[in-house]
Amino acid sequence: MMNGKEFAKAQASIMNKKTKLVQLKDDRAEACKKINEIEQEIAKTENELLEEENKFILLCGQKSQLMRERALQVGA
């Protein structure tokens, strides 16, 4: 049978573990929130990069077309 001191020690241990568990779950929730924020920022940056790359490709095509037209004009 458990005496009063052992009972109090066991009870304190259980409470400490419950407190730790709550804190760990809170930490996990915060980490998941941060991961979601980072994932959203990654997606946003990828979309911005894709838009810029597409504009750059379009501008390169336009520049090439202008250079061809000028070359034809000079050659004519």
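Conventions and cut-offs
Residues numbered from 1 in each chain as written. Predicted model: local features only at pLDDT ≥ 70, side-chain atom pairs only at ≥ 80, totals over all residues. Heavy atoms only, no water. Helix = DSSP H or I, 4+ residues; strand = E, 2+ residues; numbered from the N terminus. Rg over C-alpha atoms; globule rule 2.2 N^0.38 Å. Buried < 20%, exposed > 50% of the residue type's maximum accessible area, 1.4 Å probe, protein only. Areas by Shrake-Rupley, 256 points an atom, 1.4 Å probe, with all protein chains shown as cover. Patch = residues over 30% accessible without salt bridge, like charges linked within 9 Å, V, L, I, M, F, W, Y side chains within 5 Å. Salt bridge = Lys/Arg side-chain N within 4 Å of Asp/Glu carboxyl O. Lys, Arg positive; Asp, Glu negative; His and termini not counted. Charge placed at Lys NZ, Arg CZ, Asp CG, Glu CD. Expected span 1.5 Å × (residues − 1). Polar contact = N/O pair within 3.5 Å; in protein donor to acceptor, adjacent residues only side chain to side chain.

1. Things to note about the overall build of the protein chain
In terms of regular secondary structure, the protein chain is built from 1 helix and 0 strands. For a compact globule of 76 residues, the expected C-alpha radius of gyration is about 11 Å, and the protein chain comes in at 33 Å, more than 25% above that figure. In terms of its C-alpha atoms, the protein chain occupies a principal-axis envelope of roughly 110 × 10 × 10 Å. Within the span of the protein chain, comprising 76 residues, buried residues form 0% of the whole. As displayed, the protein chain offers around 7,500 Å² of accessible surface, 61% of which is attributable to carbon and sulfur atoms.

2. Section: a negative patch on the surface
A cluster of acidic residues, E41, E48, E51, E52 and E53, forms a negative patch at the surface. Mapped onto the elements of the fold, E51 is located in helix α1 (residues 4–75).

3. Overview of the environment of Q73
As for its placement among the helices and strands, Q73 is situated in helix α1. Distance from Q73 to T45, taken between C-alpha atoms, is 42 Å for residues 28 residues apart in sequence.

4. Things to note about α1
Helix length check: α1 (72 residues) gives 105 Å between terminal C-alpha atoms against 106 Å at 1.5 Å per residue, within 8%. Between the side-chain oxygen at the start of α1 and the backbone nitrogen of K5 there is a gap of 3.0 Å, and the oxygen is on N3.

Read these as spatial facts, not as claims about activity.
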